[in-house]
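Each chain, letter by letter, is given below.
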Amino acid sequence: MISFNSLTKRYGKQAAVNALTAEIRSGAITGFLGPNGAGKSTALRCLLGLASPTAGTALIHGAPYSQLAEPLKEVGAVLDSRGFHTGLTALQNLKVITAAAGLPDSRALEVLEIVELSDSAHKRTKGFSLGMKQRLALAAALLGDPQIMVLDEPANGLDPIGIAWLRSFLRKLADEGRTILVSSHQLAEMEHTVDDIIIINHGEMVVAGPIKEIVGQGTLEEAFLRLTLEAKAVAK
Amino acid sequence: MKLFKSEFRKLIYSRTTYGLLLAAIGLASLTSGVLPYVFSKQLNPMGTSALTQQAVVDTVYGKAAGAYLFAIILGVILMAGEFRQGTAVATFLAAPKRGHVFLAKVSIAALAGAVLQLIASGIAMVVAHTALGFYPEAVAPSDTAYLDTILASVISGAVLAVVGVAVGTLIRNQMLGTLVAILWLNLIEPIMILVFPDGAKWWATGAISGILNLHVSVGRNGVTTANYLEPWQASLLLLGYGAVISLISFATTLRRDVD
Ligand SMILES: Nc1ncnc2c1ncn2[C@@H]1O[C@H](COP(=O)(O)OP(=O)(O)OP(=O)(O)O)[C@@H](O)[C@H]1O
Ligand SMILES: [Mg+2]
């Protein structure tokens, strides 16, 4: 279970995330949506212990990420800023992680199989296409077979085939009972994939709940525009 | 233990490691191979070759420990490389307690720096021995010359690699960190030592010379090792520097946000 509790992250005067409070339902796919610069990545980096909140908390099973005894077995993460050592092969990159997490090396080959990257296991990641890197990042997130997946813009840079693959892949993971939190600034991209949505704008919550209730008859984009305008009007 | 294994893999999987090792071997061997020729052309007041002085021969061997620059660069790359490649995210996701990561990295860096210097100085001493063989006037080195050189190479390699990790933590930018290390050892310290010769022993390079235990009384350019620290003092000083800069980087920057 993931919860944001009045999470605030300021860079100088600007609040990238402002008093964000939300809970993510277990066993569902939650879309974490908002335009560029809304604060999605920042909130996720606070959740994963990569950035420290200015105020508030972001918790996993009631504890900060840094307190998890075996984090990779509980949470798998794909971040937009995540990189792989270009001089190492895909397999070597994963074996650095399995060693750190105390996972068997055989698991590295397994996850490469799962993301259909086995053929490139022994290739240096330098020559990897964006799609291959994204798959490798997913593979790394799956190493510990975690119940929770946190994905920041996993569809970024993928072609339509890649996005279709990703959608069905996320669906498969969710059907296995995992909790998935996936961010995107492409609203349409996630419309048919997610169960719940959290929309944020300028670091603040706009709306959260099951997508069916929020979108109603229109599209996600229409709902988003309507809701952000409403939020602005209320603010005034 | 897990993190040590992970850091060890990062070290041995990366080709940069082997590049730096080759560079260290090359530099140390080149210096040790060329110095006998240089010294053979320098004449003592009596008109004999400088190689007839034991301190000079010791210096030739001592230079075999001179590739410590590559140990510090290795340390910088081990840490700053994580930010350059973006693997810092994966590293801290697997081990969110950053102090543990730092400890593992520092330990592996120390080991790697020591081994790198040991190999480089070992090969360079063989080169020095071979090169000195071409000059019949060259005297034998002092009894402790080999051991002093090995000691200086291992300690300087280990400590400077740790310093490199600390610099990489403080400066996160690999190019900048490497540049700072190079400038420090090859420009700032030599200039400071030139300007304040009495303070030479307190600098990192001065401490390494101290460990080498050379007894150059009056060199050509007025360099004297007479007031250098005893090897054990110099070793402690160097270790102290490594510990202090590690603590500083650990306390000030390690916890900074990772993008
Ligand atoms: N390290 C940082 N230093 C200063 N400002 C930052 C930093 N990281 C993010 N910001 C600012 O915080 C705000 C939120 O950025 P964030 O990356 O979280 O947005 P996002 O929702 O992920 O956007 P995108 O869809 O473009 O990925 C932006 O205005 C950004 O400029
Ligand atoms: Mg983002």
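This text follows the structure it describes.
Because the structure is predicted, anything quoted here is derived from the model rather than measured. (Residues numbered from 1 in each chain as written. Chains lettered and ligands numbered in written order. Predicted model: local features only at pLDDT ≥ 70, side-chain atom pairs only at ≥ 80, totals over all residues. Heavy atoms only, no water.)

What follows deals with the nonpolar core. In terms of nonpolar packing, the biggest core is built from 93 residues, with Ile 2, Phe 4, Leu 47, Leu 48, Leu 94 and Leu 138 of chain A touching the most fellow members. Judged by nonpolar contacts, the second largest core, of 65 residues, contains Ala 71, Leu 78, Phe 102 and Leu 254 of chain B. (Core = buried A, V, L, I, M, F, W, Y, C linked by side-chain atoms within 4.5 Å. Buried < 20%, exposed > 50% of the residue type's maximum accessible area, 1.4 Å probe, protein only.)

On to helix 7 (residues 145-171) of chain B, then. Across its 27 residues, helix 7 of chain B extends 37 Å between first and last C-alpha, which sits within 8% of the 39 Å expected from 1.5 Å per residue. The buried fraction of helix 7 of chain B amounts to 20 of the 27 residues, a majority that puts the element mostly inside the structure. (Helix = DSSP H or I, 4+ residues; strand = E, 2+ residues; numbered from the N terminus. Expected span 1.5 Å × (residues − 1).)

Moving on, we get to the sheet that holds strand 8 (residues 196-201) of chain A. Residue and element names in this part refer to chain A. In space, the six strands of this open sheet follow the order 5-6-7-3-8-9, with mixed pairing throughout. Two strands close off the open sheet at either side, each with one partner strand: strand 5 (75-78) and strand 9 (204-210). Here the strands of the sheet are splayed against their neighbours by 15 degrees on average, with no regard to which way each runs. Taken together, the four bridges between strand 3 (residues 29-33) and strand 8 define a ladder with parallel strand orientation. When the sheet's bridge partners are listed, Gly 31 is paired in strand 8 with Ile 197. Seen against the sheet, helix 6 (residues 160-175) touches strand 3, strand 6 (148-152) and strand 7 (179-184) and runs at an angle of roughly 155 degrees to strand 7. (Pairing = 2+ DSSP bridges. Axes fitted to C-alpha atoms, helices over the stretch in contact; angles between N-to-C directions. Contact = heavy atoms within 4.5 Å.)

Residues and elements named next belong to chain B. At their nearest, the axes of helix 7 and helix 9 (residues 204-212) sit 8 Å apart, and the two run at 150 degrees to each other. One way to sum up the angle between helix 7 and helix 9 is to call them roughly antiparallel. As helix 7 runs across helix 9, the sense of the crossing is right-handed. Only Ile 208, Ile 211 and Leu 212 of helix 9 make contact with helix 7, whose side of the interface consists of Asp 148, Thr 149, Leu 151, Ala 152, Ile 155, Ser 156 and Leu 160. Of the residues contributing to the contact of helix 7 with helix 9, the split by class is seven nonpolar, two polar and one charged. (Parallel < 35°, antiparallel > 145°, perpendicular 65-115°, else oblique. Left-handed = near helix turned anticlockwise from the far one by under 90°. Nonpolar A, V, L, I, M, F, W, Y, C, P; charged D, E, K, R; others polar.)

This part covers unusual backbone geometry. Glycine aside, negative phi is the norm for most residues, and most peptide bonds take the trans geometry. All names here are of chain A. Here the phi dihedral of Ala 19 falls at roughly 50 degrees; this positive angle occurs in a residue that is not glycine. Checked against the element boundaries, Ala 19 lands in strand 2 (residues 14-24). Of the residues examined, Ala 19 reaches a relative accessible area of 45% and is grouped as partly exposed. The phi angle at His 202 is positive, at roughly 50 degrees, despite the residue not being glycine. Tracing the backbone through its elements, the reader meets His 202 in the loop between strand 8 and strand 9. On the accessibility criterion, His 202 (62% relative accessible area) is exposed.

Here we come to helix 9 (residues 220-235) of chain A. All names here are of chain A. In this model, helix 9 (16 residues) spans 22 Å end to end at C-alpha, consistent with the 22 Å of a helix rising 1.5 Å per residue. When helix 9 is considered as a whole, its buried residues turn out to be Leu 220, Ala 223, Phe 224, Leu 227 and Thr 228. One side of helix 9 carries all its buried residues, which in axial view fall inside an arc of 125 degrees. Opposite the packed face of helix 9, turned more than 90 degrees from it, sit the exposed residues Leu 229, Lys 232 and Ala 233. Those residues of helix 9 that are buried are in contact with strand 3, helix 7 (187-190), strand 8, strand 9 and helix 8 (211-215). (Arc of directions from axis to C-beta.)

As far as function goes, none of this settles anything; it's purely spatial.
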